[in-house]
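Take a look at the letters that make up each chain.
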Amino acid sequence: MTVKEKSKSRGRPRAFDREAALDQAQALFHAQGYDGVGVAALAQAMGVNPPSLYAAFGSKAALFDEVLGRYARNGLPIDALLAPGAPPAASLGTLLREAAHIYAADPQTAGCMVLEGARGADAEAACCARNWKAASAQRVRDFLIPTHADKAAVVADYMVTVMSGLSADARAGTPTDRLGAVADMAGLAIAAMLDDG
């Protein structure tokens, strides 16, 4: 009689690629929203089991916050467009046009993940998104303070409001050319507000 031994896989466990896992989580959150995707689906897409997801990120909301941070830094070329010394009205108008294009470029990831996340039903996740939304508004204010300190707050609020509308309309399927036309009109309003022509 022979005794069969269980074969165990030898060697090092597969390394966890955090950036690849975050890419997968971002795709799911962007397409389905925070409320529309569960931990099991996230873990499967990220190539981990749910306990490993919690070990790596702490919670679903903490994972969402990290994904939002990546998205906020990389979703739009804000730092390039709002560089110190750049012409304010032209730069903000270009940012709106870029947003209109990016928000509608892919139907699977339409809109802005931060702005849409701020409208979510889960209080903790919506709070995370609102914090990133506030940071973006502050970025616009900081850009305008050196040249238009008295108008920086209202223009930043206007930018966030227009971008929220562009995001919602992109998710609803509004074509890029129509979003671009709205962005152009908003750019004219900003130029008038700043008297930059």
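As a starting point, this report considers the structure included with it. Worth saying up front: this structure is predicted, and the values here are computed from it rather than measured.

**Focus: the pattern of salt bridges**
All chains considered together, the criterion is met by seven salt bridges. Where Glu 19 meets Arg 70, a salt bridge forms, and the shortest distance between an N and an O atom there is 3.1 Å. Here Glu 19, found in helix α1 (residues 18-32), pairs with Arg 70, found in helix α4 (residues 60-74); they are 51 residues apart in sequence, far enough to count as distant. Given the relative accessible area of 45%, Glu 19 is considered partly exposed.

**Points about empty space enclosed by the protein**
Unfilled space is identified by rolling a water-sized probe across the atoms. Enumeration according to the criterion identifies one cavity of 30 Å³ or more in this entry. The calculated volume of the largest cavity comes to roughly 250 Å³. Along its surface, the largest cavity is lined by 18 residues, and Leu 76, Ile 78, Tyr 103, Ser 136 and Met 163 are the ones closest to its centre. Of all the secondary structure elements, the ones that give two or more residues to the lining of the largest cavity are α4, α6 (88-105), α7 (113-117), α8 (123-148) and α9 (152-171). Residue contributions to the lining of the largest cavity peak at five residues, all from α8. Counted by class, the lining of the largest cavity contains 14 nonpolar, two polar and two charged residues.

**Quick look at the nonpolar core**
Phe 29, Leu 63, Leu 92 and Tyr 103 are the most contacted members of the largest nonpolar core, which totals 58 residues. When residues of this core are sorted by domain, at least three fall in each of domain 1 (18-68) and domain 2 (77-194).

**Overview of the side chain of Lys 60**
With respect to the helices and strands, the residue Lys 60 is situated in helix α4. Of the side chains with opposite charge, Asp 35 lies nearest to the buried Lys 60, which makes no salt bridge, at 5.9 Å. One polar contact links the side chain of Lys 60 to the main-chain carbonyl oxygen of Tyr 34, over a distance of 2.9 Å. At 2.6 Å, the side chain of Lys 60 and the backbone oxygen of Val 37 are in polar contact. If we skip the residues at most four places from it in the chain, Lys 60 touches Phe 29, Tyr 34, Val 37, Gly 38, Val 39, Leu 42 and Tyr 54.

**Some words on the packing of aromatic side chains**
Applying the stated criterion across every chain yields a total of three aromatic pairs. A ring pair is formed by Phe 29 and Tyr 34, whose centres lie 5.8 Å apart and whose planes are at 10 degrees; its orientation type is stacked. Looking at Phe 29, the relative accessible area reads 2%, which means it is buried. A residue is classified by how much of its surface remains accessible, and Tyr 34, at 12% relative accessible area, is buried. Aromatic rings pair up to connect Phe 29, Tyr 34 and Phe 64 into one cluster. Stacked on the ring of Tyr 34, the Lys or Arg Lys 60 has its end atom at 4.1 Å from the ring centre.

Cut-offs and rules
Throughout, a residue's number is its position along its own chain's written sequence, starting from 1. With the structure being a predicted model, the display of local features is reserved for residues of pLDDT at least 70 and the display and counting of side-chain atom pairs for 80 or more, all residues being used for whole-chain, interface and lining totals. Side-chain measures here rest on the full set of heavy atoms in the structure, leaving out hydrogens and waters. Salt bridge, as used here: a side-chain nitrogen of Lys or Arg that lies within 4 Å of a carboxyl oxygen of Asp or Glu. Under the scheme used here, helices are H or I runs from DSSP no shorter than 4 residues and strands are E runs no shorter than 2 residues, and both carry numbers assigned from the N terminus. For each residue, the accessible area found with a 1.4 Å probe, counting protein chains only, is set against the maximum for its type, and the residue is called buried under 20%, exposed over 50%, and partly exposed in between. Think of a 1 Å grid over the protein atoms and nothing else: a 1.4 Å probe that fits but is trapped marks a cavity, an open set flanked by protein within 12 Å on at least five of seven lines marks a pocket, and residues with an atom within 4 Å of a point count as lining. Grid points are joined across faces, edges and corners, and a volume is the space filled by probe spheres set on the points. Each residue gets one of three labels, nonpolar for Ala, Val, Leu, Ile, Met, Phe, Trp, Tyr, Cys and Pro, charged for Asp, Glu, Lys and Arg, and polar for the others, Gly among them. Take the buried Ala, Val, Leu, Ile, Met, Phe, Trp, Tyr and Cys residues and link them wherever side-chain atoms come within 4.5 Å; each set so joined is a nonpolar core. Here the limits of each domain have been adopted from an automatic or database domain assignment. Note on charges: Lys and Arg go in the positive column, Asp and Glu in the negative column, and His and the chain ends are not counted at all. Any N or O atom pair separated by 3.5 Å or less is treated as a polar contact, with the protein-specific requirement of one donor-capable and one acceptor-capable atom, and with residues adjacent in sequence counted only for side-chain atom pairs. Pairs of residues are marked as contacts when any of their non-hydrogen atoms sit within 4.5 Å. Any pair of Phe, Tyr and Trp rings, taking the six-membered ring for Trp, is counted once the centres come within 6.5 Å. Such a pair is stacked with planes under 30 degrees apart, edge-to-face with planes over 60 apart, and tilted for the rest. Charge-over-ring placement is defined geometrically: NZ (Lys) or CZ (Arg) within 6 Å of the ring centre, and within 35 degrees of the ring normal.

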